[in-house]
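Here is what each chain is made of, one letter per residue.
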Amino acid sequence: EAGVVQSPRYKIIEKKQPVAFWCNPISGHNTLYWYLQNLGQGPELLIRYENEEAVDDSQLPKDRFSAERLKGVDSTLKIQPAELGDSAVYLCASSLGQVTGELFFGEGSRLTVL
Amino acid sequence: AQSVTQPDIHITVSEGASLELRCNYSYGATPYLFWYVQSPGQGLQLLLKYFSGDTLVQGIKGFEAEFKRSQSSFNLRKPSVHWSDAAEYFCAVGADSGYSTLTFGKGTMLLVSP
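Now for a description of the structure that goes with this document. (Residues numbered from 1 in each chain as written. Chains lettered and ligands numbered in written order. Predicted model: local features only at pLDDT ≥ 70, side-chain atom pairs only at ≥ 80, totals over all residues. Heavy atoms only, no water.)

**A look at the interface of chain B and chain A**
Then step 1. If you look at the interface, chain B gives 22 residues, while chain A gives 22 residues.
Then step 2. Summed over both partners, the interface of chain B with chain A comes to about 1,800 Å²; 52% of that surface belongs to carbon and sulfur atoms.
Then step 3. Where chain B packs against chain A, one counts zero salt bridges.
Then step 4. For the pair chain B and chain A, the number of links is four residue pairs in polar contact (both at pLDDT 80 or more).
Then step 5. If you list the elements that add at least two residues to the side of chain B that touches chain A, you get β5 (32–38), β6 (44–50) and β11 (102–104) of chain B.
Then step 6. At four residues, β5 of chain B tops the list of elements feeding residues into the side of chain B that touches chain A. (Contact = heavy atoms within 4.5 Å. Buried area = accessible area lost by both parts, 1.4 Å probe. Salt bridge = Lys/Arg side-chain N within 4 Å of Asp/Glu carboxyl O. Polar contact = N/O pair within 3.5 Å; in protein donor to acceptor, adjacent residues only side chain to side chain. Helix = DSSP H or I, 4+ residues; strand = E, 2+ residues; numbered from the N terminus.)

In structure tokens:
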């Protein structure tokens, strides 16, 4: 069975440009997460979806970040416009949603903003 | 809100020697505790998890961890380290609030010397 798939793996853009990341979770996983991982840091939650509903987006900078999960499967995270400080790895994870459940992570999308 | 502290940013261990990575958590109720490993350029992989019961839990790749409520700790151990264990290790805590979002520590980078 395929794991969590993310694309692109690497993206280099100039500041003020838009960028989008795509995530396909494990089949059957209703819960989807976007985490931000800065260099030398642990992952920090940006947004969590239960099916198509964003149930925790308190840490998402809504002035420039947006996310969607249409039809409760794939998800897209967008940044517009990107800033230098957005350079980081954006991790997508999925789970079955139970409090004791394992989160399965994709390989991440590494963003470099010049 | 829950939090995790990993006091060691880097640890160097000789191949074949034993390993202990420290993790301290802060949470008012019974925590759900996890250890994840991240190899360079990869996503996070679950090593082991603790929910209840036996405080010594076994994981993959020969790792184990012990939950000590009195010390608010969940240290990761391995009796004999292999060069392939070199990676970054993250401790995480989940809240007992009905959903499965994890809060991660900043990670400990393990270096293995010949």
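**Concerning the packing of aromatic side chains**
A ring pair, where both rings are aromatic, is described by two values, the distance of the centres and the angle of the planes.
All names here are of chain B.
Then step 1. Applying the stated criterion across every chain yields a total of 15 aromatic pairs over all chains.
Then step 2. For the ring pair Y32 and F51, a centre distance of 5.5 Å and an interplane angle of 70° mean the geometry is edge-to-face. Within this pair, whereas Y32 is found in strand β5, its partner F51 is found in the loop between β6 and β7 (56–58), the two being separated by 19 residues in sequence.
Then step 3. On the basis of an interplanar angle of 45° and a centroid distance of 5.6 Å, the ring pair of F63 and Y89 is categorised as tilted. Of this pair, F63 sits in the loop between β7 and β8 (64–68) while Y89 is found in strand β10 (residues 87–94), placing the two residues 26 residues apart along the sequence. Each member of the pair, F63 as well as Y89, carries the same accessibility label: buried. (Phe/Tyr/Trp six-rings, centres within 6.5 Å; stacked < 30°, edge-to-face > 60°. Buried < 20%, exposed > 50% of the residue type's maximum accessible area, 1.4 Å probe, protein only.)

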